[in-house]
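Structural features, examined
If you want the building blocks of each chain, they are given just below.
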Amino acid sequence: GGVNLVRFDETGHPLWGWTVPNPQNSLECIEPTMDGGFIIPYERYNEDIQARVLALYKVGSDGNLLWYNDEAEIGLPLRGRALCAREDSEGFLYSCGYVRNPVGETYYDFYVSKRNSDGSVIWSLLVHNNEGPEEGFERANELCLLADGSIAVGGNAQDNNWEYHLWLLKISPDGEIL
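Note that the structure is a prediction, hence the values are computed from the model and not measured.

Applying the stated rule across the entire model yields 4 salt bridges. Of the charged contacts in the structure, one is a salt bridge between Glu31 and Arg86, with a shortest N-O distance of 2.8 Å. Here Glu31, found in strand E3 (residues 31-32), pairs with Arg86, found in strand E7 (residues 80-87); they are 55 residues apart in sequence, far enough to count as distant. Pair check on accessibility: Glu31 and Arg86 agree, each one buried. Through salt bridges that share partners, Glu31, Arg86 and Glu142 make up one connected network.

Structure (structure tokens):
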């Protein structure tokens, strides 16, 4: 099985297809890139740690997989899922989602990262709601690029009554919460 990405020409005929390997959930975002390809935030099953981990896939304009990476392969064995990705005008890639907190291992935190066009990580952030329960769930669902070069990340977080509330963070191009 898999999640299929199919590119069609202007008359509706398929040009190529590509399948996201080992899907566990539905695909929530496919972002076109300046080079005519696509960046796909998702997850993949990492055999080394026997868990689903946050992953990004880069597919070229011809449908070939150019690269993928997951956090376990770059030294961050973070179990979770990427939900949204965007490319800025300089070719940097931003993604967000949620990951299992590496300290508590029982709750999930906001995850946001900035990468080069080859997928290498420039910075990443884990953000936990200190007002909420120890085993809370913070999820970064969407991000947008702002005119001043920063990004806005929206999602939700639990409070001490286990109720969800909207979270909105503004993050500088250098990865600082503003």
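Moving on, there is more to tell.
This brings us to the packing of aromatic side chains. Aromatic ring pairs are described here by two measures, namely the spacing of the ring centres and the angle between the planes. Summed over the entire model, instances satisfying the criterion amount to 5 aromatic pairs. Between Trp16 and Phe38, the aromatic rings sit 6.2 Å apart at their centres with planes inclined by 65°, giving edge-to-face as the arrangement. In this pair, Trp16 is assigned in strand E2 (residues 14-20) and Phe38 in strand E4 (residues 38-46), connecting sequence segments 22 residues apart. Classification of Trp16 as buried rests on a relative accessible area of 14%. You can call Phe38 buried: its relative accessible area is 15%. Connected via pairs of aromatic rings, a cluster forms that spans Trp18, Tyr57 and Tyr68. The ring of Phe92 is capped by Lys114, whose NZ or CZ atom sits 4.4 Å from the centre of that ring.

The next subject is the sheet that holds strand E11 (residues 139-145). On the basis of which strands lie adjacent, the open sheet formed by 3 strands has the order E11-E12-E13 and antiparallel pairing. The open sheet has two edge strands, E11 and strand E13 (164-171), and neither has a second partner. The average undirected angle you get between the axes of adjacent strands in this sheet is 20°. The pairing of E11 with strand E12 (residues 151-158) spans 6 bridges and is antiparallel.

Turning next to the sheet that holds strand E9 (residues 108-115). Taken in spatial order, the 4 strands line up as E7-E8-E9-E10 in an open sheet, and their pairing is antiparallel. What marks the edges here is a single partner per strand, and that holds for E7 and strand E10 (121-127). The mean inter-strand angle of the sheet, taken between neighbouring strand axes irrespective of direction, is 20°. Summarising the sheet, E7 and strand E8 (residues 93-100) pair through 7 bridges and their orientation is antiparallel. By the bridge assignment, Glu87 is partnered in E8 with Leu93.

Rules behind the numbers
- Residues numbered from 1 in each chain as written.
- Predicted model: local features only at pLDDT ≥ 70, side-chain atom pairs only at ≥ 80, totals over all residues.
- Heavy atoms only, no water.
- Salt bridge = Lys/Arg side-chain N within 4 Å of Asp/Glu carboxyl O.
- Helix = DSSP H or I, 4+ residues; strand = E, 2+ residues; numbered from the N terminus.
- Buried < 20%, exposed > 50% of the residue type's maximum accessible area, 1.4 Å probe, protein only.
- Phe/Tyr/Trp six-rings, centres within 6.5 Å; stacked < 30°, edge-to-face > 60°.
- Lys NZ or Arg CZ within 6 Å of the ring centre and 35° of its normal.
- Pairing = 2+ DSSP bridges.
- Axes fitted to C-alpha atoms, helices over the stretch in contact; angles between N-to-C directions.

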